[in-house]
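# Examining the three-dimensional arrangement
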Amino acid sequence: MKWFYLGPEGTHSHEAAAQLQAVCGMAGELVPCSSIPAAVEQVFRDEAVDTFACVPIENSIQGAVTQTWDVLMKSMVETKSKPEAPKMLIALTLPIHHYAIYRDGTEFSRVKHVYSHQQALAQCQNHIAQLCPNAALVAVNSTAEAARMVSEHDHADAVAIGSRRAADRYGLSYIPEPAEDKAGNVTRFALVGKRAIVVGGKSGLQENEFVASLCLRGVGHQPGGLVGALQPFADFGMNLARVESRPVGDQLGNYVFYVDVSLQPDHVRAEQLLVEVIAQLTSQGIDVVVLGAYPVCHGA
Ligand SMILES: O=C(O)C(=O)C[C@]1(C(=O)O)C=C[C@@H](O)C=C1
């Protein structure tokens with residue numbers, strides 16, 4: 001069994017994958033990938049039923065991790081007709097604390113580069129500006145990759161933003177106060193795979209949280225087009241927890257709409273109603289891609 005995640009060791013995705021294994025009562029080899037799309041593509045490419053990817057989907061400060069949604073959508077559209085195609089199986093919301101990670105002897109006022117994942121840089125931008133006022137922010141593939149780079153000799157004038165585990169893993173020091181700009185910073189991660197999972201083990205699952213993530217394609221460019229696409233959810237008494245537009249990428253003004261539907265309190269009944277909602281949308285000419293219907297649990 002393989003679990004792919006954004007590596008190297010010590011990323012928040014790594015921690016999320018380890019916690020999800022406990023929640024699902026599953027073990028498996030944790031395999032680092034160089035990017036989020038690479039982790040997702042492994043699951044879509046691999047025929048094995050026991051292959052999973054753990055990827056960040058949303059952050060409380062910065063919103064959707066668009067790179068993840070884009071690759072999930074693209075991969076799911078390509079495999080839409082296959083019944084055994086991968087889906088989002090479960091989500092885990094994790095508190096995220098970032099730290100300024102450095103080599104001993106670093107003078108912060110002289111630091112020229114602050115490395116991290118683009119999401120982490122955005123979550124800590126005010127803190128970084130105060131700590132390292134003369135530094136340029138440099139986005140790299142992950143927080144742990146940033147720490148690994150700082151641990152190399154040719155990056156002695158640099159600081160990384162990442163987890164304490166990353167600092168320990170790469171033999172670096174960190175400032176003990178968290179670096180994120182807002183308290184209560186959390187990121188939600190999704191497990192993507194083909195096999196139904198059973199929630200058990202060390203589970204912090206709140207049974208009443210259940211979400212379906214959909215993507216609506218082909219919403220009409222006319223007055224009321226978007227209202228018409230959302231109305232069936234209201235008609236069936238469904239709460240929309242998130243609506244977000246993303247460019248299709250072919251021409252200006254062409255969008256798809258991501259919708260997270262809350263399926264509580266009775267998700268089995270709600271999933272039946274969702275089938276009817278989707279039928280109504282299809283009759284309007286809207287193509288609905290179901291990315292998954294899944295429980296959400298909370299880690300620590
Ligand atoms: O670089 C990491 O540590 C990641 O796991 C990626 C990631 C993200 O893409 O959102 C995960 C959680 C934090 O929000 C910051 C970065």
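Owing to the predicted nature of the structure, the values given are computational and were not obtained by experimental measurement.

## Remarks on the packing of aromatic side chains
Under the definition given, this model contains four aromatic pairs. Ring geometry for Tyr-99 and Tyr-174: centres 5.4 Å apart, planes at 65°, overall edge-to-face. One end of the pair, Tyr-99, is in strand 6 (residues 99-102); the other, Tyr-174, is in strand 10 (residues 173-174), with 75 residues separating them in the sequence. Under the relative-accessibility criterion, Tyr-174 is labelled partly exposed at 27%. A cation sits over an aromatic face here: Arg-242 above Trp-69, 4.3 Å from the ring centre.

## Structural notes on the environment of Pro-56
Residue placement: Pro-56 occurs in strand 3 (residues 51-59). Between the C-alpha atom of Pro-56 and that of Leu-226, which follows or precedes it by 170 residues, the distance is 27 Å. Those residues in contact with Pro-56, other than ones at most four positions away along the chain, are Ser-13, Ile-36, Val-65, Thr-68, Thr-187, Arg-188 and Phe-189.

## A closer look at the UniProt feature "domain: Prephenate dehydratase" (unreviewed entry) in the chain
Within this numbering scheme, the UniProt entry marks residues 2-194 as carrying the feature "domain: Prephenate dehydratase" (unreviewed entry). The distance from the first to the last C-alpha atom of residues 2-194 is 12 Å, and the span holds 33% helix and 31% strand.

## Structural notes on the site of the ligand
Lining the immediate environment of the ligand, one finds 15 residues, of which His-12, Ser-13, Gln-123, Thr-143 and Thr-187 sit closest. In this structure, Ser-13 approaches the ligand through a side-chain N or O atom, which is 2.6 Å from an oxygen atom. Alone, the ligand offers 360 Å² of accessible surface; in the complex the protein occludes 100% of this. Mapped onto the shell around the ligand, the elements with two or more residues apiece are helix 1 (12-24), strand 3, helix 4 (118-123) and strand 11 (186-193). Within the shell around the ligand, the residues separate by chemical class into four nonpolar, 11 polar and no charged. Residue-level mapping places the shell around the ligand at the junction of two domains, with at least three residues from each of domain 1 (2-96 + 185-193) and domain 2 (99-174).

## With respect to the domain arrangement of the chain
How big an interface is tends to be expressed through the accessible area that disappears when the partners come together. Looking at the assigned domains, one finds that the chain contains domain 1 (2-96 + 185-193), domain 2 (99-174) and domain 3 (205-298). Inter-centroid distance (C-alpha atoms) of domain 1 to domain 3 is 21 Å. Facing 20 residues of domain 1, the contacting portion of domain 3 comprises 21 residues. Counting the surface lost from both domain 1 and domain 3, the interface buries some 1800 Å², and carbon and sulfur atoms represent 60% of this. When the buried surface of domain 1 facing domain 3 is broken down by residue, Trp-69, Met-73 and Met-88 rank first, second and third, together holding 30% of it. The closest approach of N and O atoms between Arg-188 and Glu-209, which form a salt bridge, is 3.9 Å. Our enumeration of links across domain 1 and domain 3 arrives at nine residue pairs in polar contact (both at pLDDT 80 or more). When contributions to the side of domain 1 that touches domain 3 are tallied by element, the ones reaching two or more residues are strand 3, helix 3 (66-78) and strand 5 (87-95). Across the side of domain 1 that touches domain 3, the residue classes break down as 13 nonpolar, two polar and five charged.

## Re unusual backbone geometry
Gly-7 connects to Pro-8 through a cis peptide bond whose omega is 0°. Take Pro-8: it is sitting in the loop between strand 1 (2-6) and helix 1. At the junction of Gln-264 and Pro-265, the peptide bond is cis and its omega measures out at 5° in the coordinates. When you line up the elements, Pro-265 lands in the loop between strand 14 (255-262) and helix 9 (267-283).

## Some words on helix 6 (residues 143-150)
Buried residues dominate helix 6, accounting for seven of its eight residues. Turning to helix 6, its buried residues number three or more, namely Thr-143, Ala-144, Glu-145, Ala-146, Ala-147, Met-149 and Val-150.

## Let's talk about the sheet that holds strand 7 (residues 113-117)
If you trace the five strands from one edge of the open sheet to the other, you get 8-7-9-6-10, paired in mixed fashion. Each edge of the open sheet carries a strand with a single partner, namely strand 8 (136-140) and strand 10.

## What about the pairing of strand 5?
Counting buried positions along strand 5 yields seven of nine residues, so the element is predominantly enclosed. Across eight bridges, strand 5 lies against strand 11 in antiparallel orientation. Paired with Thr-93 across the bridge in strand 11 is Arg-188. In this sheet, strand 15 (residues 287-298) lies alongside strand 5 in parallel orientation, the contact comprising three bridges. Bridge pairing links Ala-91 to Val-296 in strand 15.

Analysis parameters
Residues numbered from 1 in each chain as written. Predicted model: local features only at pLDDT ≥ 70, side-chain atom pairs only at ≥ 80, totals over all residues. Heavy atoms only, no water. Phe/Tyr/Trp six-rings, centres within 6.5 Å; stacked < 30°, edge-to-face > 60°. Helix = DSSP H or I, 4+ residues; strand = E, 2+ residues; numbered from the N terminus. Buried < 20%, exposed > 50% of the residue type's maximum accessible area, 1.4 Å probe, protein only. Lys NZ or Arg CZ within 6 Å of the ring centre and 35° of its normal. Contact = heavy atoms within 4.5 Å. UniProt positions renumbered as here; feature names shortened; annotations may be inferred. Near = heavy atom within 4 Å. Polar contact = N/O pair within 3.5 Å; in protein donor to acceptor, adjacent residues only side chain to side chain. Areas by Shrake-Rupley, 256 points an atom, 1.4 Å probe, with all protein chains shown as cover. Nonpolar A, V, L, I, M, F, W, Y, C, P; charged D, E, K, R; others polar. Domains from an automatic or database assignment. Buried area = accessible area lost by both parts, 1.4 Å probe. Salt bridge = Lys/Arg side-chain N within 4 Å of Asp/Glu carboxyl O. Pairing = 2+ DSSP bridges.

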